[in-house]
Amino acid sequence: MIIIGDEHLSPRIVRAVSEVALRRGWRFDNVTGSDLCSLEDEDWIETFANVGGNAIVSADRAMLKRPTLIQKISDLGITGIYLPAEWANARRQYQAAHILYWWPRIEAVIEASKPGAAWIVPKGFAPTSDLREHVEKSGAKKATA
């Protein structure tokens, strides 16, 4: 599996996940510092998918309010993983702890997800929580409980 973090994920966080938690044989890259960095979301996501990418991880929950972008992700058959809204503004140590805590479930969801699905990672560290699928409701994309 090839996963990429968007520009809202620090390359250090991506590296920490890669070194500490990533499954053998999987790869976790970052848009920051790559040729994709200067492209619009729709363009870098399409380029990533076209070179064999499987999933994106984003701390930009505003993406979920862009139906054309969500449709493009769905059409490309990649999985979208979206971190909690508070995550992007949190301190780096919280970001690292949070993503490492949830990483085994993120990998399991990426592996089992139907192509094109979008998933939301819970905030906090509640052991009874799980990722929830972002589904269409009343013509607009909305997260379900």
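Structural data are supplied above this passage.
Because the structure is a prediction, the values reported are computed rather than measured.

Cut-offs and rules
Residues numbered from 1 in each chain as written. Predicted model: local features only at pLDDT ≥ 70, side-chain atom pairs only at ≥ 80, totals over all residues. Heavy atoms only, no water. Phe/Tyr/Trp six-rings, centres within 6.5 Å; stacked < 30°, edge-to-face > 60°. Helix = DSSP H or I, 4+ residues; strand = E, 2+ residues; numbered from the N terminus. Buried < 20%, exposed > 50% of the residue type's maximum accessible area, 1.4 Å probe, protein only. Pairing = 2+ DSSP bridges. Right-handed = clockwise from strand over helix to strand, strands pointing away. Axes fitted to C-alpha atoms, helices over the stretch in contact; angles between N-to-C directions. Left-handed = near helix turned anticlockwise from the far one by under 90°. Contact = heavy atoms within 4.5 Å. Nonpolar A, V, L, I, M, F, W, Y, C, P; charged D, E, K, R; others polar. Salt bridge = Lys/Arg side-chain N within 4 Å of Asp/Glu carboxyl O.

Trainee: Quick rundown of the packing of aromatic side chains? Include the residues and the values.
Mentor: The final tally for this structure, using the stated rule, is 4 aromatic pairs. The interplanar angle of 80 degrees and the centroid separation of 5.2 Å between the aromatic rings of Y101 and F125 together place this pair among those described as edge-to-face. A residue pair is termed long-range when its members are at least 10 positions apart, and Y101 in helix α4 (residues 92-112) and F125 in the loop between β5 (118-120) and β6 (132-137) qualify at 24 residues. Here F125 falls in the partly exposed class, since its relative accessible area comes to 35%.

Trainee: Before we move on, could you go through the pairing of strand β4 (residues 79-82) and cite the residues and values that matter?
Mentor: Because side chains alternate across β4, one face comprises the buried residues T79 and I81, and the other comprises G80 and Y82, equally buried. Bridging between strand β3 (residues 55-58) and β4 involves 4 bridges; their strand directions are parallel. The partner of V57 across the bridge, within β4, is I81. In the classification by handedness, the crossover that spans β3, the intervening helix α3 (residues 67-76) and the parallel β4 is right-handed. Bridge count for β4 against β5 is 3 bridges, and the pairing is parallel. Bridging across to β5, Y82 finds its partner in I120. For the crossover that starts at β4, traverses α4 and ends in the parallel β5, the hand is left-handed.

Trainee: Account for the packing of helix α1 (residues 11-20) against α4, naming residues and giving values.
Mentor: Two numbers describe how α1 lies on α4: the axes approach to 10 Å, and their chain directions differ by 35 degrees. With respect to the hand of their crossing, α1 and α4 are arranged in right-handed fashion. Residues I13, A16, V17 and V20 of α1 form the contact with α4, whose own contacting residues are R92, Q95, A96, I99, L100 and W103. Here the residues of the contact of α1 with α4 sort into 8 nonpolar, 1 polar and 1 charged.

Trainee: Go over the environment of I99 with me, naming the residues and quoting the values.
Mentor: With respect to the secondary-structure elements, I99 resides in helix α4. The spatial distance from the C-alpha of I99 to the C-alpha of P127 is 14 Å, given a sequence separation of 28 residues. Here I99 is in contact with L9, I13, V17, V57, L83, W87 and I106, once residues within four sequence places are set aside.

Trainee: Would you mind going over the pattern of salt bridges in detail, with residue names and values included?
Mentor: Per the counting criterion, the structure on display carries 9 salt bridges. Residue E86 pairs with K123 through a salt bridge whose shortest N-O separation is 3.8 Å. Taken together, the residues E86 in the loop between β4 and α4 and K123 in the loop between β5 and β6 connect sequence positions 37 residues apart. The network of salt bridges with shared partners includes R23, E107 and E111.

Trainee: Outline the side chain of S113, supporting the account with residue identities and numerical values.
Mentor: Secondary-structure assignment places S113 in the loop between α4 and β5. On the basis of relative accessibility, which here comes to 13%, the residue S113 falls in the buried class. Dropping the residues within four chain positions of it, S113 is found in contact with T79 and W119.

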